[in-house]
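# Per-entry structural report
If you want the building blocks of each chain, they are given just below.
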Amino acid sequence: MKPLFLIAEIAQAHNGSLQKAHDYIDAVATTGVDAIKFQTHIADAESSIHEPFRVKFTDAFATRFDYWKAMEFTIDAWKELKAHCDAAGLEFISSPFSNAAVDLLEEVGVKRYKIGSGEVSNFLLLEKLSKTNKPVILSSGMSSYQELDAAVSFLKNRNVSYSVMQCTTAYPTSVEQFGLNVIQELKERYQVPVGFSDHSAQSATGVAAVASGAEFLEFHVILDANETGPDASASLTIAHAKQLNHDARYIHKALQHPITKTDSSSFTELKQIFEKSLAVNKSLPKGHYLSFADLEAKKPKGFGINAFEFEKVIGKQLSRGLAAWEFLNTKDIV
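Residues numbered from 1 in each chain as written. Predicted model: local features only at pLDDT ≥ 70, side-chain atom pairs only at ≥ 80, totals over all residues. Heavy atoms only, no water.

It is worth spelling out the domain arrangement of the protein at this point. Quite often, the size of an interface is put as the accessible area lost when its parts meet. Segmenting the protein into domains produces domain 1 (5-256) and domain 2 (265-332). When each unit is reduced to the centre of its C-alpha atoms, the spacing between domain 1 and domain 2 is 64 Å. (Domains from an automatic or database assignment.)

Printed below as a string of C-alpha cells:
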C-alpha cells in the first residue's frame, strides 16, 4: 500500500493577497501534509461578465469575472510561491481553469494536475493537459458516471496517467452527502488510485474516507475560522488540519496491517490466563447429579474441564464429594 498523500487546498482563501498566500504556505507546512494546492485563474481566458456568482459573499466585486481578475497572480508571483513551497517541503499544486493557466503552470513547474469537477467535461483543457505528459487527478464532484467514463476514456486514449477523487460539490457538504460508498465503486470501475476531496469542514470525514479506502485526501484549509471567503464554511482550520494529518495517517497505517482470525496461536499464553475451567459453586456430595445451577467457571484454564464443555457434564454423577469452588475434572464424574 502506498503512503497516504494529503493535499491542503488554499483555493482563493488568500483573497488575492500574495503575502497571505505565503502566510498559508508557512501555516500549512506545520500540519505535516504532503502538498498545498492553489487555483490558477486567468479571468480573460476562463470567464466572462456573464458568469453568475456561486456564492455572493462580498459586495467588493460587481461580477464574478471581476472576482477572478482580483485572484490573479503574475508569473513571477507564482514562481515565488512555488519556490516557497519547495523550501517548506510541500509539493506545489495548482488547478488550472484554462489552457492559458496550463501554460503558466508549466513555466512555474508542477508534477501533476488536479482538475476540478466543473472541468471534467472540458475536453479542450484535458487535451492541453495530455500534452504535458503529467498525471491528472479528476474530481468527480458534479459528474455522473457517464460523464466520468467519457473523460476517463479521453485520457486513456492519450495514455495519460490519471486518478479519481470522490467529491460532493456542496459548500459545506452535509453528512448525508459524503458518498463514502462511492470510493470503492470508483476503485472497482476504473482500477486506479482513488482519493477523497472534502468540503465538510470536519476532520472526521477525511479519517472516514481513509477507512473507506481513500488513498489520498484533499481538503480546504483556512487561517481564521471567521473569514468569509467562498470556501470558508467548507474549510478546516490549521489546527484541525494537523489533527486530520495525524488521525488519517494513523488509520491508514492500521489498514496496512490486516490480521487473521483463523489462527489464535499467538494468544496461547494469554488464553491460559484468561480462559476458564469448570468448578462447582457449592459443596456437593458423592453421587450428586450435576445441574447447570451447580457450576461456575474459574481462572485459569487447565485446572478443570474447559468451560466451553459444560454441557457434557450436565446430568453426570459425581464420583466423589466436592467442596465449594473446587475445580471439576473428568475423574470426578461417572
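That shown, we press on.
To continue, consider the UniProt feature "domain: AFP-like" (unreviewed entry) in the protein. Those places that UniProt annotates as "domain: AFP-like" (unreviewed entry) correspond, in this numbering, to residues 277-334. The span residues 277-334 carries 0% helix and 14% strand; its end-to-end C-alpha distance comes to 18 Å. (UniProt positions renumbered as here; feature names shortened; annotations may be inferred. Helix = DSSP H or I, 4+ residues; strand = E, 2+ residues; numbered from the N terminus.)

This brings us to a nonpolar patch on the surface. A contiguous nonpolar patch, built from F267, L270, I273 and F274 and spanning about 430 Å² of accessible area, is present on the exposed surface. Within the secondary structure, F267 is located in the loop between α10 (238-255) and α11 (268-274). (Patch = residues over 30% accessible without salt bridge, like charges linked within 9 Å, V, L, I, M, F, W, Y side chains within 5 Å. Areas by Shrake-Rupley, 256 points an atom, 1.4 Å probe, with all protein chains shown as cover. Salt bridge = Lys/Arg side-chain N within 4 Å of Asp/Glu carboxyl O.)

Attention now goes to the pattern of salt bridges. Applying the stated criterion across every chain yields a total of 22 salt bridges. Taking the shortest distance from any N to any O, the salt bridge between E227 and K20 comes out at 2.9 Å. Within this pair, whereas E227 is found in the loop between β8 (216-222) and β9 (236-237), its partner K20 is found in helix α1 (residues 18-28), the two being separated by 207 residues in sequence. Residue K134 pairs with E106 through a salt bridge whose shortest N-O separation is 3.0 Å. Taken together, the residues K134 in the loop between α6 (123-130) and β5 (136-139) and E106 in helix α5 (residues 99-108) connect sequence positions 28 residues apart. Each of R320, E326, K331 and D332 takes part in salt bridges that share partners, so that together they form one network.

By the criterion of burial, strand β1 (residues 5-11) is predominantly enclosed, with seven of the seven residues buried. Burial along β1 is two-sided: the face carrying F5, I7, E9 and A11 and the face carrying L6, A8 and I10 are both buried. With five bridges joining them, β1 and β8 adopt parallel strand pairing. Each residue of the ladder has a partner; that of A8, found in β8, is F219. (Buried < 20%, exposed > 50% of the residue type's maximum accessible area, 1.4 Å probe, protein only. Pairing = 2+ DSSP bridges.)

Here we take up the pairing of β8. Within β8, seven of the seven residues are buried, which leaves the element mostly enclosed by the surrounding structure. Burial of the side chains of β8 extends over both faces: F216, E218, H220 and I222 are buried on one face and L217, F219 and V221 on the other. Judged from the three bridges that link them, strand β7 (residues 194-198) and β8 form a sheet pairing that is parallel. Bridging from a neighbouring strand, F196 pairs with L217 of β8. In this fold, the crossover linking β7 to β8 by way of helix α9 (residues 203-211) has right-handed handedness. (Right-handed = clockwise from strand over helix to strand, strands pointing away.)

In total, this model carries nine aromatic pairs according to the counting rule given. Judged by centre distance (6.0 Å) and plane angle (65°), the rings of W78 and F92 are edge-to-face. With W78 in helix α4 (residues 75-88) and F92 in strand β3 (residues 91-96), this residue pair connects regions lying 14 residues apart in the sequence. Judged by its relative accessible area of 1%, W78 is buried. Both rings, one in F123 and one in F154, keep their centres 4.6 Å apart while their planes meet at 40°; by these two values the pair is tilted. (Phe/Tyr/Trp six-rings, centres within 6.5 Å; stacked < 30°, edge-to-face > 60°.)

Taken N-terminus to C-terminus, the directions of α5 and α6 make an angle of 20°; their axes are 9 Å apart at the nearest point. Of the possible angle classes, the one that applies to α5 and α6 is roughly parallel. The handedness of the crossing between α5 and α6 is right-handed. Taken together, the residues of α6 that come into contact with α5 (itself represented by N99, V102 and D103) are L124, L125, K128 and L129. Split by residue class, the contact of α5 with α6 holds four nonpolar, one polar and two charged. (Axes fitted to C-alpha atoms, helices over the stretch in contact; angles between N-to-C directions. Parallel < 35°, antiparallel > 145°, perpendicular 65-115°, else oblique. Left-handed = near helix turned anticlockwise from the far one by under 90°. Contact = heavy atoms within 4.5 Å. Nonpolar A, V, L, I, M, F, W, Y, C, P; charged D, E, K, R; others polar.)

What follows deals with the layout of surface pockets. Of the pockets and cavities examined, the largest pocket occupies roughly 630 Å³. Per-element tally for the lining of the largest pocket: the top contributor is helix α3 (residues 64-70), with three residues. The calculated volume of the second largest pocket comes to roughly 350 Å³. What lines the second largest pocket is a set of 15 residues, among which K2, F5, R112, P193 and F216 lie closest to the centre. Of all the secondary-structure elements, those providing two or more residues to the lining of the second largest pocket are β1 and β6 (162-167). Of the residues assigned to the lining of the second largest pocket, the class counts are nine nonpolar, two polar and four charged. (1 Å grid on protein atoms, 1.4 Å probe; cavity = no way out; pocket = protein on both sides within 12 Å on 5 of 7 lines; lining within 4 Å. Points joined across faces, edges and corners; volume = space filled by probe spheres on them.)

This brings us to α10. An ideal rise of 1.5 Å per residue puts 26 Å on 18 residues; α10 measures up with 26 Å between its terminal C-alpha atoms. Of all the positions in α10, only I238, A241, L244, N245, A248 and H252 are classed as buried. Within α10, the buried residues cover an arc of 105° as seen down the axis, which keeps them to one side. Projecting away from the buried face of α10 at angles above 90 degrees are the exposed residues A239, Y250 and K253. (Expected span 1.5 Å × (residues − 1). Arc of directions from axis to C-beta.)

Moving on, we get to the environment of R320. For R320, the location among the structural elements is in the segment after β11 (295-298). Distance from R320 to K331, taken between C-alpha atoms, is 9.0 Å for residues 11 residues apart in sequence. Setting aside its immediate chain neighbours within four residues, R320 contacts P285, K286, E326, K331 and D332. Separated by 2.7 Å, the side chains of R320 and E326 make a polar contact. Only 2.7 Å separates the side chain of R320 from the side chain of D332, close enough to count as a polar contact. (Polar contact = N/O pair within 3.5 Å; in protein donor to acceptor, adjacent residues only side chain to side chain.)

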